[in-house]
Amino acid sequence: MVCYGGGPGNVSYSNAFTLKEMQNRILDDIVAQLVIPEGADEAALAGLAATVSLSDVHKVIEDVLVPMHKQMNIDLSTVTHH
């Protein structure tokens, strides 16, 4: 999920939308690698989620999203939740 707020972190609606599109592609790629049995219940799906390699996900974040943030001059540390 991407929040937006403009301001000093440059998290404008447009930039948040662009990041959302990339995050959706990344999630689609991760889900495409899972073999989901037909009729899988919530417990089975939770078990599948546990098989996702967090180190692989971290690598994608570092290799794809972080460079996008830098290219777009986005600083998520400025986002606050009140």
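Source: prediction; values computed, not measured.

Caption draft 1: Expanded view of the overall build of the chain. A tally of regular secondary structure across the chain gives three helices and zero strands. If you list the helices and strands of the chain from N to C, you get α-α-α. Projected onto its principal axes, the C-alpha coordinates of the chain cover approximately 45 × 30 × 20 Å. Out of the 82 residues in the chain, the part that is buried amounts to 16%. Long-range contacts, defined here as pairs at least 24 residues apart, represent 57% of the contacts in the chain between residues at least 6 apart. On the chain, roughly 6200 Å² of surface is accessible, and the fraction owed to carbon and sulfur atoms is 58%.

Caption draft 2: Representation of the packing of helix α1 (residues 13–32) against helix α3 (residues 54–71). Across the interface, α1 lies against α3 with an axial gap of 11 Å and an inter-helix angle of 160°. When the interaxial angle is binned, α1 and α3 end up roughly antiparallel. With respect to the hand of their crossing, α1 and α3 are arranged in right-handed fashion. Counted together, Thr-18, Leu-19, Met-22, Gln-23, Ile-26 and Ile-30 of α1 and Val-57, Val-60, Val-64, Leu-65, Met-68 and His-69 of α3 form the full contact between these two elements. Among the residues forming the contact of α1 with α3, the class breakdown is nine nonpolar, three polar and no charged.

Caption draft 3: Fine view of unusual backbone geometry. Backbone geometry at Asn-10 places phi at a positive 60°, although glycine is not the residue there. Structurally, Asn-10 can be placed in the segment before α1. Of note in this structure, Asn-73 is not a glycine but carries a positive phi near 55°. Taking the relative accessible area as the measure of exposure, Asn-73 reaches 59% and is therefore exposed.

Thresholds, definitions, all that
- Every chain is numbered on its own, with residues counted from 1 as its sequence reads.
- The model is predicted, so local features are restricted to residues of pLDDT at least 70 and side-chain atom pairs to those at 80 or more, both for listing and for counting; the totals for chains, interfaces and linings are taken over all residues.
- Just so you know, side-chain values use all the structure's heavy atoms and leave hydrogens and water out.
- Starting at the N terminus, helices and strands are each numbered in turn, a helix being any DSSP run of H or I of at least four residues and a strand any DSSP run of E of at least two.
- Here's how the labels work: a residue is buried when its accessible area is under 20% of the maximum for its type, exposed when over 50%, partly exposed in between, all with a 1.4 Å probe on protein chains only.
- Throughout, a residue-residue contact means that at least one pair of heavy atoms, one from each residue, lies within 4.5 Å.
- All accessible-area figures derive from a Shrake-Rupley calculation using a 1.4 Å probe, and residue coverage is judged against the displayed protein chains alone.
- Think of each axis as a best-fit line through the C-alpha atoms, taken over the contacting stretch in the case of a helix, with angles from 0 to 180 degrees between the N-to-C directions.
- Note that the term roughly parallel is reserved for angles under 35 degrees, roughly antiparallel for angles over 145, roughly perpendicular for angles of 65 to 115, and oblique for everything else.
- For any pair of crossing helices, the crossing counts as left-handed if the nearer helix is rotated counterclockwise from the farther one by less than a right angle, and right-handed if it is rotated clockwise.
- Gly is put with the polar residues, along with every residue not named as nonpolar or charged; the nonpolar set is Ala, Val, Leu, Ile, Met, Phe, Trp, Tyr, Cys and Pro, and the charged set is Asp, Glu, Lys and Arg.

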